[in-house]
Amino acid sequence: MLMIPWGRMMKMLTVCSRIAVPYDDSEMSKKALETAIMLAKQDDRIEIDVLTVINVPTTLAYYGAYNDDRIRESHLAAAKEMMNAVEEKLSALPNKTRSFVLEGSPSLTIVEFIKQNDSDLVVMGSRGLSGLQELFLGSVSHYVVQKSTCPVYIVK
Ligand SMILES: Nc1ncnc2c1ncn2[C@@H]1O[C@H](COP(=O)(O)OP(=O)(O)OP(=O)(O)O)[C@@H](O)[C@H]1O
Ligand SMILES: [Mg+2]
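Residues numbered from 1 in each chain as written. Chains lettered and ligands numbered in written order. Predicted model: local features only at pLDDT ≥ 70, side-chain atom pairs only at ≥ 80, totals over all residues. Heavy atoms only, no water.

Participant: Tell me about the environment of Ser126, residues and numbers included.
Facilitator: Inspection of the secondary structure assignment puts Ser126 in the loop between strand S4 (121-125) and helix H5 (139-147). Judged by relative accessible area, which is 2%, Ser126 ranks as buried. Once the C-alpha coordinates of Ser126 and Val140 are considered, the two residues, 14 residues apart in sequence, prove to be 8.8 Å apart. Once you skip the residues sitting within four places of it in the chain, Ser126 turns out to touch Met28, Phe136, Leu137, Gly138, Ser141, Ile154, Val155 and Lys156. (Helix = DSSP H or I, 4+ residues; strand = E, 2+ residues; numbered from the N terminus. Buried < 20%, exposed > 50% of the residue type's maximum accessible area, 1.4 Å probe, protein only. Contact = heavy atoms within 4.5 Å.)

Given below as structure tokens:
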């Protein structure tokens, strides 16, 4: 059992009683999820929301609506499978946890989610699935750090 001084625990609860973890299955996002789990283990009243955002490019008239739908369906199915694995991991915790598959621009959707769901802390990776490493932050983490209404914990 982990003993935490009362004052520190109260502070921790108000700072991060509901943690949002934007997740894209990248190594960094896996580390972010582990970090959120580690935080949640400190108090079983801490809640974890894991969200992944799929963004299927549409309006490519050339491919047609039929193919757009098929691409969207396959992205959705893959995202749901990914979240099943996440949920299985989270089910080991006594804490309340939720998972979401959302559609839209990842950056905008994550920031909107944080507002709508009263997240107290965001835990996310510095980089994601893109292989480019010149910049410290990817475009999604860069945007969320700037626009988030709550503190953002960047895992690297
Ligand atoms: N589609 C997404 N849904 C949910 N979370 C995401 C998504 N994309 C990225 N993230 C979160 O943002 C973090 C940083 O990823 P980001 O996409 O910013 O970097 P990148 O993929 O390396 O660069 P870029 O996407 O700008 O080319 C990830 O570790 C993850 O926590
Ligand atoms: Mg990315």
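Participant: Give a description of the packing of helix H4 (residues 106-116) against H5 that names residues and reports values.
Facilitator: Two packed helices can be described by the angle between their axes and the distance between those axes. In contact at an axis separation of 9 Å, H4 and H5 are set at 35° when each is read in the N-to-C sense. Crossing angle aside, the handedness with which H4 passes H5 is right-handed. Facing H4, whose interface residues are Pro106, Ser107, Leu108, Ile110, Val111 and Ile114, H5 presents Ser139, Val140, Tyr143, Val144 and Lys147. For the contact of H4 with H5, the class distribution of residues is eight nonpolar, two polar and one charged. (Axes fitted to C-alpha atoms, helices over the stretch in contact; angles between N-to-C directions. Left-handed = near helix turned anticlockwise from the far one by under 90°. Nonpolar A, V, L, I, M, F, W, Y, C, P; charged D, E, K, R; others polar.)

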